[in-house]
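One letter stands for each residue in the lines below.
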Amino acid sequence: MNQLEKLKKLKKEKNAIILAHYYQNADVQDVADYVGDSYYLSEVGRDSDADIIVYCGVKFMAESAKILSPKKKVLFPVHGDATCCMEHQATPGLVLEMKKNHPNAKVITYINSSSEVKAVSDACCTSSSALKIVENIDAAEIIFVPDQNLASYVAEQTDKKIIPFDGQCNVHHKVTLENIKKLIEEHGDIEILAHPECQKEIRDVSTYVGSTAGILNYAKTSPNKELIVVTEKGIHHQLKKDSPEKSFYFPYMVCSPMKRVFIESIIDALEDEKCEVIMDEELIKKAKVSLLNMHKYAGG
Ligand code: SF4
């Protein structure tokens, strides 16, 4: 029996599903039952009747799946440390200090954060749902944690006062205008699609700014055959699946924590039901409120 047959058999025997983020290795995306951005995957995990969720992504995603489905077994088959850099930037103490300085503000936390930070937040958001949640939550002032670029992107589109935390994604934030100009020199003045975690100078020269799902949708429907894409390179796999005839050009953008799941590690974890996400019940209860509010305010 080859690896893929083995995986298929294991999934059936254990009533398991595999969820993978668009930034995962291409072969992992190919064996997943659902591939998507963190918002979509959070809904799939929550609504699934599987007994086991194998989460291929980074730690905050697997923990979010566990928080939303505490009765399911969530396996996180990674090699080494697979945390998003933003999980380490905001801490509950720093968030509570901001809250003390802005007592009328509500805290909206990007899902790319630790469960402990989620536990002291009013609502979570993803890049695709951030604006909707800011508009729908009942507060005129919002403390936005931890991504300063997503915060400024949202602030440009709302009348509410956005108080940003000083965090950022190391992969998106480091892309400069120079990097983009170089791509334009090489490939011509073509459409640029960027993730809102990019700095303002990148967003300002982009034709489209949106989540990974939004970028994929835009790229699929664009009449253009060549596009510059400013987000993590793993998305290239889905872009090419959707539009094999198109060419996509990227600045160097690789999120190494996202590349720590392999087919072998998935099989290994499923066979012995190991790499399980174990969380404190009290933490689950507290962090769940902000994740449920994310779905409530985003209408999901
Ligand atoms: S690309 Fe950035 S935001 Fe996404 S998981 Fe990696 S470090 Fe976190």
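Source: prediction; values computed, not measured.

A few points about the overall build of the protein chain
Counting its regular elements, the protein chain contains 16 helices and 12 strands. By the compact-globule yardstick of 19 Å for 300 residues, the protein chain fits well, its C-alpha radius of gyration being 19 Å. Along the three orthogonal principal directions, the C-alpha set of the protein chain runs to about 55 × 50 × 30 Å. Counting all 300 residues of the protein chain, 57% fall into the buried class. Considering only residue pairs separated by 6 or more positions, the protein chain has 63% of its internal contacts joining residues 24 or more positions apart. Looking at the protein chain as shown, the accessible area adds up to about 13000 Å², and 50% of this sits on carbon and sulfur atoms. Positive and negative charge centroids in the protein chain, built from 37 and 44 side chains respectively, lie 3 Å apart.

Some points on the environment of F250
Position of F250 among the secondary structure elements: in the loop between strand 12 (247–249) and helix 15 (263–272). Looking at F250, the relative accessible area reads 13%, which means it is buried. Counting along the chain gives 45 residues from F250 to V205, while the straight-line C-alpha distance between them is 15 Å. Those residues in contact with F250 that sit more than four places away from it in its chain are L183, V229, T231, E232, K233, I235, H236 and L239.

Points about the sheet that holds strand 7 (residues 141–145)
Ordered in space as 6-5-7-8, the four strands form an open sheet in which the pairing is parallel. With one partner strand each, in any of the chains shown, strand 6 (123–125) and strand 8 (161–164) form the two edges of the open sheet. Across the sheet, the axes of successive neighbouring strands diverge by a mean angle of 30°, strand direction being ignored. Taken together, the four bridges between strand 7 and strand 8 define a ladder with parallel strand orientation. Within strand 8, the position partnered with F144 by the bridge is P164.

Digging into the packing of aromatic side chains
Overall, the coordinates contain one aromatic pair when judged by the stated rule. Aromatic pair Y208 and Y218: ring centres 4.8 Å apart, planes at 25°, arrangement stacked. Highlighted residues: Y208 in strand 10 (residues 208–209) and Y218 in helix 13 (residues 212–221), separated in sequence by 10 residues. For Y208, a relative accessible area of 22% corresponds to the partly exposed category. By relative accessible area, which is 24% here, Y218 ends up partly exposed.

Section: unusual backbone geometry
V145 connects to P146 through a cis peptide bond whose omega is -15°. Assignment of secondary structure puts P146 in the loop between strand 7 and helix 9 (148–155). In this model, N15 sits at a positive phi of 50°, which is unusual for a non-glycine residue. Note on placement: N15 falls in the loop between helix 1 (3–14) and strand 1 (16–21). A positive phi angle is found at E273, which is not glycine, with a value near 50°. Position of E273 relative to the elements: it lies in the loop between helix 15 and helix 16 (281–298).

Points about the site of the ligand
Around the ligand, a shell composed of Y23, C84, C85, M86, N112, C169, H172, E197, C255 and M258 is seen. Of the residues that constitute the shell around the ligand, the class distribution is seven nonpolar, two polar and one charged.

Concerning the packing of helix 4 (residues 59–68) against helix 16
Two numbers describe how helix 4 lies on helix 16: the axes approach to 9 Å, and their chain directions differ by 95°. If you check the angle between helix 4 and helix 16, you find them roughly perpendicular. For the pair formed by helix 4 and helix 16, the contact residues are S64, K66, I67 and L68 on the first element and I284, A287, K288, L291, L292 and H295 on the second. Residue composition of the contact of helix 4 with helix 16, by class: six nonpolar, two polar and two charged.

Focus on the environment of V230
Counting through the fold element by element, V230 comes out in strand 11 (residues 226–230). With relative accessibility at 0%, the residue V230 sits in the buried group. Remark: the alpha-carbon pair of V230 and E197, spanning 33 residues in sequence, is separated by 9.7 Å. Not counting chain neighbours up to four residues away, the residues in contact with V230 comprise H172, V175, I180, I192, L193, A194, H195, C198, I202, P251 and M253.

The rules behind each value
- Residues numbered from 1 in each chain as written.
- Predicted model: local features only at pLDDT ≥ 70, side-chain atom pairs only at ≥ 80, totals over all residues.
- Heavy atoms only, no water.
- Helix = DSSP H or I, 4+ residues; strand = E, 2+ residues; numbered from the N terminus.
- Rg over C-alpha atoms; globule rule 2.2 N^0.38 Å.
- Buried < 20%, exposed > 50% of the residue type's maximum accessible area, 1.4 Å probe, protein only.
- Contact = heavy atoms within 4.5 Å.
- Areas by Shrake-Rupley, 256 points an atom, 1.4 Å probe, with all protein chains shown as cover.
- Lys, Arg positive; Asp, Glu negative; His and termini not counted.
- Charge placed at Lys NZ, Arg CZ, Asp CG, Glu CD.
- Pairing = 2+ DSSP bridges.
- Axes fitted to C-alpha atoms, helices over the stretch in contact; angles between N-to-C directions.
- Phe/Tyr/Trp six-rings, centres within 6.5 Å; stacked < 30°, edge-to-face > 60°.
- Near = heavy atom within 4 Å.
- Nonpolar A, V, L, I, M, F, W, Y, C, P; charged D, E, K, R; others polar.
- Parallel < 35°, antiparallel > 145°, perpendicular 65-115°, else oblique.

This is a description of form; function is not addressed.
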